[in-house]
Amino acid sequence: MITGDLKQKIDAVWNDFWSGGISNPLEVMEQLTYLLFIKGLDERQTLAENKANRTGEPLDDVIFPEGKEFKPDGMAEGRPYSDLRWSRFKDLGNPQDLYQLVDKYVFPFLQARAANSSHARHMAGARLTIPTPALLQKAVDGLDAVPMADRDTKGDVYEYMLSKIASAGQNGQFRTPRHIIRLMVEMTAPTVTDSICDPACGTCGFLVAAREYIERTDPSALTDPEKSKHFHNGMFHGYDFDNTMLRIGSMNMQLHGVQNPKVEYRDSLAEDHAGDIEAYSLVLANPPFAGSLDYESTAKDLLQVVKTKKTELLFLALCLRLLKPGGRAAIIVPDGVLFGSTKAHKELRRILVEDQKLDGIVSLPSGVFKPYAGVSTAILLFTKTDSGGTDHVWFYDLQADGYSLDDKRTPLLPEGKLGAVPDVPLTKDEHARNNLPDALARWFDRDESERARARTDQSFCVPKTDIVANDYDLSINRYKEIVYDGIDYPAPVEILDDLAALEGDIKEGLDELRAMLG
């Protein structure tokens, strides 16, 4: 967690960008990502050099070859590779020289390295847009002052920077609140054998949370050779069609210690998925709800599942295609998916209930995505079986997530009492402000005592037969029963008598006032 002095240092870097002329948070994040990547390359080579000095063995994967020059296309002269190292140029002293070096040599060097790894590939379009030498010098000094030697701190610093992106993207993307992501990860309980995919990964928040959950629950994932190999090279898959998001998401995974995640450009709804069909055991996603697509530009294999132009339905169809039998999913959908009356809406819900195993639905409060959007949403949880299996569907009416539901999203509890797994059990009053721990506990009890709960409770189970009888409507309001408290009012005659007495008092007061006026 970022607090105190560290938080102030990051805020200072961010404020320098704003006062220096870059007001778009995504652009700030992208420029910081480039600089962090450059810093990371130098740190990587420094670690390799220290190891080589200890062991006497040659360097592996030399990034900055000693004694050689890098000469970008169009430049008359080259510069020694050593000049391109963060530890060297941060102390140049002259902002103008620093700007010239970073702009003309360091960024072209990043582009030249783009083919070296899946992460470096996202730097192919790297371009310095920091407008002045003074601002670049401040950014370099500011980042250099942020301690990032520890991996956990690196990840937390980057996540804190990401929290400052407070606007929705052009295609309906917005940052999913991390406490909601962690709730979904806790509910699906990833294991070290899973292959996890987010087909609209954005900043890779779901993949990072899954990575943290696995490290916490199975530390051998990082120490056992076989598990570690899968963890770093085959477990995490993210796709997006926004190159800026891919850069940021890839950096987020790197800073959280995943060496080679598969974070790639893909228009998930437009490209066929022959290579990915039934490839993953867990899908976690909050896909963008960007309206409609043309049939011509939509992947034909998705239209075979359900013929629709609605992106939210197409993403749901995509998740069904990506999951292997037995695989599970937790996906955020707009409420319309749960009760929409079109043929496509009903058919997808029928598939979830009849052909797969629909496990549960968590209704989220409408302010949960503010300040980005006020749309009402829910979490769909299901298991792909291709042979049915839905018996009861568990519903939870999440009314409070620990934060105010206005644009400010102010925490309503201390840090240790927020999220799905607080440090201490919550009191009844605290539960009223944070339902997440209760939702998680009841989820794991959905096949036991939850079956007996009344539909007036905050959670309850609905038999499949009831859902079929309601034309596969999955809205919680269709099944939740509301108990109204009775209020005893006076008889109408008594109310009329009271009104008559009141009218008499008013008339008497007016008569007194008239007498006083003569």
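Numbers given for residues are sequential positions, taken from 1 along each chain in its written order. Totals for whole chains, interfaces and linings use all residues, but because this is a predicted model, local features are given only for residues with pLDDT of at least 70 and pairs of side-chain atoms are given and counted only at 80 or more. To get the side-chain values, all heavy atoms of the structure are used, and hydrogens and water are removed first.

J.: Please explain the overall build of the chain as it appears in this structure.
T.: Tallying secondary structure elements over the chain gives 21 helices and eleven strands in all. In terms of overall dimensions, the chain has a C-alpha envelope of 105 × 80 × 50 Å along the principal axes. Exposure classes here rest on a 1.4 Å probe applied to the protein chains alone. A residue is buried below 20% of its type maximum, exposed above 50%, and partly exposed in between. Expressed as a percentage of the 518 residues in the chain, the buried residues total 49%. Long-range pairs, those at least 24 residues apart, make up 71% of the contacts in the chain between residues at least 6 apart in sequence. Accessible area for the chain stands at about 24,300 Å²; split by element, carbon and sulfur atoms hold 50% of it. With 59 positive and 80 negative side-chain charges, the chain shows a spacing of 5 Å between the two charge centroids. What counts as a helix is a DSSP run of H or I of at least four residues, what counts as a strand is a run of E of at least two, and both are numbered from the N terminus. Contact definition: two residues touch when any of their heavy atoms are within 4.5 Å. For every accessible area listed, the method is Shrake-Rupley and the probe measures 1.4 Å; residues are considered covered only by the protein chains on display. As used throughout, the charge tally considers Lys and Arg to be positive and Asp and Glu to be negative, leaving His and the chain termini uncounted. For this purpose, a charge sits on NZ of Lys, CZ of Arg, CG of Asp or CD of Glu.

J.: I keep staring at the sheet that holds strand 4 (residues 236–240) and nothing clicks. Help me out?
T.: Across a sheet, strands are paired by hydrogen bonds formed along the backbone, either parallel or antiparallel in direction. Spatially, 5-4-3-6-7-9-8-10-11 is the arrangement adopted by the nine strands of the open sheet, whose pairing is mixed. Because the sheet does not close on itself, it has two edges, and the strands there are strand 5 (262–265) and strand 11 (459–463). Within the sheet, the average angular offset between the axes of one strand and its neighbour, ignoring direction, is 15°. Where strand 10 (residues 392–397) and strand 11 come together, five bridges link them in antiparallel fashion. Directly across from Phe-395, in strand 11, lies its bridge partner Phe-460. Whether two strands pair depends on DSSP finding at least two bridges between them. Note on geometry: axes are lines fitted to C-alpha atoms, helical ones only across the stretch in contact, with angles between N-to-C directions running from 0 to 180 degrees.

J.: Sorry, what's going on with the pairing of strand 5 here?
T.: Here is the key point about a regular strand: its side chains alternate between the two faces of the sheet. Across four bridges, strand 4 lies against strand 5 in parallel orientation. The residue of strand 5 that forms the bridge with His-237 is Lys-262. Here a crossover is taken to be right-handed if, once the strands point away from the viewer, the path from the first strand over the helix to the second is traced clockwise. With helix 12 (residues 243–255) bridging strand 4 and the parallel strand 5, this β-α-β connection has right-handed handedness.

J.: Could you clarify how one ought to interpret the environment of Leu-47 in this entry?
T.: Turning to its location among the elements, Leu-47 is positioned in helix 2 (residues 25–55). Here Leu-47 falls in the exposed class, since its relative accessible area comes to 61%. Sequence-wise, Leu-47 and Gly-257 are 210 residues apart; in three dimensions their C-alpha atoms are separated by 15 Å.

J.: How should I be thinking about the nonpolar core in this particular structure?
T.: The definition of a nonpolar core used throughout is a set of buried Ala, Val, Leu, Ile, Met, Phe, Trp, Tyr and Cys residues joined through side-chain atoms within 4.5 Å. If you look at the biggest cluster of nonpolar residues, it comprises 51 residues, and the most contacted ones within it are Phe-17, Leu-84, Phe-89, Leu-136, Tyr-158 and Met-161. Put simply, the parts of the chain that give this core at least two residues each are helix 1 (4–19), helix 2, helix 3 (86–89), helix 4 (95–112), helix 6 (133–145), helix 7 (151–162) and helix 12. Among all residues touching Phe-17, those that are not within four sequence positions of it are Ile-22, Val-28, Gln-31, Leu-32, Ile-130, Leu-135 and Ala-139. Counting 45 residues, the second-largest nonpolar core is a separate cluster that includes Ile-196, Ala-209, Phe-236 and Trp-394.

J.: Teacher, can you tell me more about the layout of surface pockets here?
T.: Which parts of space are left empty comes out when a probe the size of a water molecule is rolled across the atoms. Quantified by volume, the largest pocket comes out at close to 1,600 Å³. Arg-178, His-179, Arg-182, Tyr-403 and Glu-415 are, among the 42 residues lining the largest pocket, the residues nearest its centre. Counting residues per element, the ones that place at least two in the lining of the largest pocket are helix 7, helix 8 (178–188) and helix 9 (205–217). Throughout, the ten residues Ala, Val, Leu, Ile, Met, Phe, Trp, Tyr, Cys and Pro are labelled nonpolar, Asp, Glu, Lys and Arg are labelled charged, and all others, Gly among them, are labelled polar. Within the lining of the largest pocket, the residues separate by chemical class into 19 nonpolar, eight polar and 15 charged. Each cavity reported here is a set of points on a 1 Å grid over the protein atoms alone in which a 1.4 Å probe fits but cannot get out, each pocket an open set with protein on both sides within 12 Å along at least five of seven lines, and each lining residue one with an atom within 4 Å of a point. Grid points are joined across faces, edges and corners, and a volume is the space filled by probe spheres set on the points.

J.: Sorry if this is basic, but what is going on with the environment of Glu-296 here?
T.: Tracing the sequence through the fold places Glu-296 in the loop between strand 6 (280–285) and helix 13 (300–305). Look at Glu-296 and you get exposed, because its relative accessible area is 66%. When the C-alpha atoms of Glu-296 and Lys-309 are compared, they prove to be 10.0 Å apart, with 13 residues separating the residues in sequence.

Remember that the coordinates give geometry; whether it matters functionally is a separate question.
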